[in-house]
Amino acid sequence: LFSQFAIILSLLSVLVMVVLPVQVQAEQKQRIIRIAHNQSSNHPTHIGMEAFEKYIEQELGDKYDVQIYPSELLGTQTNMVQLTQTGAIEITVASNSILETFNQQFQIFNLPYLFETPEIYHAVMNDPEIVGPIFNGTEESGFITKAWLDAGTRNFYVTKGPIEKPSDLSGLKIRVQQSPTNVRMMELLGGSATPMGFGDVYTAIQSGVIDGAENNELALTENGHGDIVKNYSYTLHQMIPDEVIVNSRFLDELPAEDKKIFDKGFQIMQDTQHQAWQEKVEEAREKAEKDMGVKFNYPDTAPFREAVMPLHKEVLEANPSLEKIYKQIEEKAKTVKAEDKEAQADAK
Ligand code: GCU
């Protein structure tokens, strides 16, 4: 009996010594890549992340396991950016707004009425000569930007709405993103800026802590803000991209051949998100209007623009290194408009 026991014991120990480590090794062979964002799993951003996951795992599934954490599961955007700086999260989607508190250069894209049209906005963001220095120049902050995602235009919705002119905002508490530029913008518009994380906005409006907010149409549907606020005014005051930021050490350590595949993956992520954005915004507008009873208003944007334009000068004076990119954006706008005119003339 004793010898049988000894045999079983030694077999067991062989199992523990040989089989288990092999299993552990197999599990360890796949590097986990965590992607964090603050949108629902129906949002264009999530759809973009899924396309990335699919591509990376199809090409390099033996080496990498991509895991997506939506809905602020890993914290608010500010928390997620901090975790990406340390490498606890490899990839985060962060609004350009809050990134200015990590690296001042991002301030440029937070300027209200920086882009006249979505076409100019896209042309600028897609031009590596313009955005490259900002996207790649933040290594000392622990991350770099590998893709930009469309977040449409930002517009006001308040319980005591609709907002038709800047003075309608006076005395109202409006949620803004946690960014000095956005706080200053609200000041110039005459409202009272209440900075808070995205996930807290619904309850804050519902409980009357704030009078309203400003965001794109998906906030009405995906975040349910249209349940509480029944008007939405197209002030079009900002087009703020979401940036896909990646821990720089993680990128540095990628083997060259994997890096190529990741770069393609980021492009697929961006293209997929941009396309899904177009479709989902249309859906959201319809849903908000028909199912939620939200009324869309189209105020004259000129007085809003006039009120906030001093911010351009303020920011450029405080941070003169942004002048170059500001000029590049102006040039790009001219080119896009000239091309537009030509295309229109050709069509006639
Ligand atoms: C948009 C944007 C998010 C951002 C949110 C906000 O939804 O895509 O990145 O967090 O606005 O207002 O905080």
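Definitions and limits used
Residues numbered from 1 in each chain as written. Predicted model: local features only at pLDDT ≥ 70, side-chain atom pairs only at ≥ 80, totals over all residues. Heavy atoms only, no water. Helix = DSSP H or I, 4+ residues; strand = E, 2+ residues; numbered from the N terminus. Buried < 20%, exposed > 50% of the residue type's maximum accessible area, 1.4 Å probe, protein only. Contact = heavy atoms within 4.5 Å. Areas by Shrake-Rupley, 256 points an atom, 1.4 Å probe, with all protein chains shown as cover. Pairing = 2+ DSSP bridges. Right-handed = clockwise from strand over helix to strand, strands pointing away. Salt bridge = Lys/Arg side-chain N within 4 Å of Asp/Glu carboxyl O. Near = heavy atom within 4 Å. Polar contact = N/O pair within 3.5 Å; in protein donor to acceptor, adjacent residues only side chain to side chain. Nonpolar A, V, L, I, M, F, W, Y, C, P; charged D, E, K, R; others polar. Core = buried A, V, L, I, M, F, W, Y, C linked by side-chain atoms within 4.5 Å. Axes fitted to C-alpha atoms, helices over the stretch in contact; angles between N-to-C directions. Parallel < 35°, antiparallel > 145°, perpendicular 65-115°, else oblique. Left-handed = near helix turned anticlockwise from the far one by under 90°. pLDDT = per-residue confidence, 0-100. Patch = residues over 30% accessible without salt bridge, like charges linked within 9 Å, V, L, I, M, F, W, Y side chains within 5 Å. Lys, Arg positive; Asp, Glu negative; His and termini not counted. Charge placed at Lys NZ, Arg CZ, Asp CG, Glu CD. Phe/Tyr/Trp six-rings, centres within 6.5 Å; stacked < 30°, edge-to-face > 60°.

Q: Would you mind going over the overall build of the protein chain with me for this structure?
A: A tally of regular secondary structure across the protein chain gives 14 helices and 11 strands. The principal-axis extent of the C-alpha atoms belonging to the protein chain is close to 95 × 45 × 45 Å. By the burial criterion, 49% of the 348 residues in the protein chain qualify as buried. Sequence separation of 24 or more characterises 75% of the internal contacts of the protein chain that already satisfy a separation of 6 or more. As presented, the protein chain carries roughly 16700 Å² of accessible surface, and 53% of it is formed by carbon and sulfur atoms.

Q: What's the story with the pairing of strand 7 (residues 192–195) in this structure? I'm lost.
A: Residues in a regular strand point their side chains to alternate faces of the sheet. Bridge count for strand 6 (residues 173–176) against strand 7 is four bridges, and the pairing is parallel. For Arg175, the partnering residue across the bridge sits in strand 7 and is Thr194. Crossover strand 6 to strand 7 through helix 7 (residues 180–189) is right-handed.

Q: Please clarify how the pattern of salt bridges should be interpreted in this entry.
A: Pairing of side chains with opposite charge becomes possible as their charged atoms draw close. Per the stated rule, a full pass over the model turns up 15 salt bridges. Notably, a salt bridge pairs Asp127 with Lys332, separated by 3.0 Å at the nearest N-O pair. One end of the pair, Asp127, is in the loop between helix 5 (118–125) and helix 6 (128–136); the other, Lys332, is in helix 14 (residues 323–347), with 205 residues separating them in the sequence.

Q: What should I look at first to understand the site of the ligand in this one?
A: Taken together, Asn38, Gln39, Gln77, Ser95, Ala151, Arg154, Arg175, Gln177, Phe198, Asn215, Asn216 and Asp242 make up all the residues around the ligand. In the model, an oxygen atom of the ligand is placed 2.8 Å from a nitrogen or oxygen of the Gln77 side chain. The contact in question runs from an oxygen atom of the ligand to an N or O atom on the side chain of Gln177, over 3.4 Å. In isolation the ligand has 310 Å² of accessible area, and contact with the protein removes 97% of it. Among the residues forming the shell around the ligand, the class breakdown is two nonpolar, seven polar and three charged.

Q: Honestly, the nonpolar core in this entry has me stumped. Any pointers?
A: Inside soluble globular proteins, nonpolar side chains tend to come together where they are buried. Within the largest apolar cluster, 44 residues are counted, with the highest numbers of intra-cluster contacts made by Ile108, Phe109, Phe115 and Ile329. Looking at which element gives the most residues to this core, the answer is helix 14, with five residues. If we ignore the near neighbours within four places in the chain, the residues touching Ile329 are Ile108, Phe109, Leu114, Phe115, Val124 and Ile130. Counting residues in hydrophobic clusters, the runner-up holds 24 residues, among them Leu60, Ile144, Ile261 and Phe262.

Q: In this structure, what is going on with the sheet that holds strand 3 (residues 91–95)? I would like to understand it.
A: Whenever strands of a sheet pair, they do so through backbone hydrogen bonds, lying parallel or antiparallel. Strand order in this open sheet of five strands is 2-1-3-10-4, and the pairing throughout is mixed. Two strands lie at the open edges of the sheet, namely strand 2 (64–69) and strand 4 (143–149), each paired on one side alone. Strand-to-strand twist of the sheet, defined as the mean angle between neighbouring strand axes without regard to direction, takes the value 25°. As paired elements, strand 3 and strand 10 (residues 242–247) share five bridges and run antiparallel to each other. Paired with Ser95 across the strands is Asp242, a residue of strand 10. Strands strand 4 and strand 10 of the sheet are contacted by helix 6, whose axis makes an angle of about 140° with strand 4.

Q: What's the story with the packing of helix 5 against helix 14 in this structure? I'm lost.
A: In a packed pair of helices, the relevant descriptors are the angle between the two axes and the axis-to-axis distance. For the pair helix 5 and helix 14, the least separation of the axes is 9 Å and the interaxial angle reads 125°. Judged by the inter-axis angle, helix 5 sits oblique to helix 14. In terms of crossing hand, the pair formed by helix 5 and helix 14 is right-handed. Where helix 5 approaches helix 14, its residues Glu119, Ile120, Ala123 and Val124 are matched on the opposing element by Ile329, Lys332, Ala333, Val336 and Lys337. Here the contact of helix 5 with helix 14 is composed, by residue class, of six nonpolar, no polar and three charged.

Q: What exactly am I supposed to notice about the confidence of the model for the protein chain here?
A: Should the pLDDT be low somewhere, the predicted coordinates at that spot are not to be read in detail. Across the protein chain, the average pLDDT comes to 94, with 92% of residues at or above 70. On the interface metric, ipTM, the complex scores 0.99, and its pTM is 0.92.

Q: Before we go on, may I ask you to explain a negative patch on the surface in this structure?
A: A cluster of acidic residues, Glu119, Glu339, Asp340, Glu342 and Asp346, forms a negative patch at the surface. It is helix 14 that provides the largest number of residues to the negative patch, a total of four residues. With respect to the helices, strands and loops of the structure, Glu119 is situated in helix 5. Under the relative-accessibility criterion, Glu119 is labelled partly exposed at 48%.

Q: Whenever I open this one, the packing of aromatic side chains confuses me. Can you help?
A: The description of an aromatic ring pair uses the distance of the two centres, along with the angle that the planes make with each other. Applying the stated criterion across every chain yields a total of 12 aromatic pairs. Pairing Tyr157 with Tyr232 gives two aromatic rings, centres 5.8 Å apart and planes at 20°, and the pair type is stacked. A residue pair is termed long-range when its members are at least 10 positions apart, and Tyr157 in strand 5 (residues 154–158) and Tyr232 in strand 9 (residues 231–238) qualify at 75 residues. Through successive ring pairs, a cluster of aromatic residues spans Phe52, Tyr64, Phe250, Phe262 and Phe266.

Q: Any chance you could explain the environment of Gly87 here in plain terms?
A: Note on placement: Gly87 falls in the loop between helix 3 (77–86) and strand 3. When the C-alpha positions of Gly87 and Arg249 are compared, they lie 7.4 Å apart, and in sequence the two are 162 residues distant.

Q: Is there a simple way to think about the packing of helix 2 (residues 44–60) against helix 11 (residues 256–290) in this case?
A: Axis separation between helix 2 and helix 11 bottoms out at 7 Å; the angle between their running directions is 150°. Between helix 2 and helix 11, the angle falls in the class roughly antiparallel. Note on packing geometry: the crossing formed by helix 2 with helix 11 is right-handed. Of the residues assigned to the contact of helix 2 with helix 11, the class counts are 15 nonpolar, five polar and four charged.

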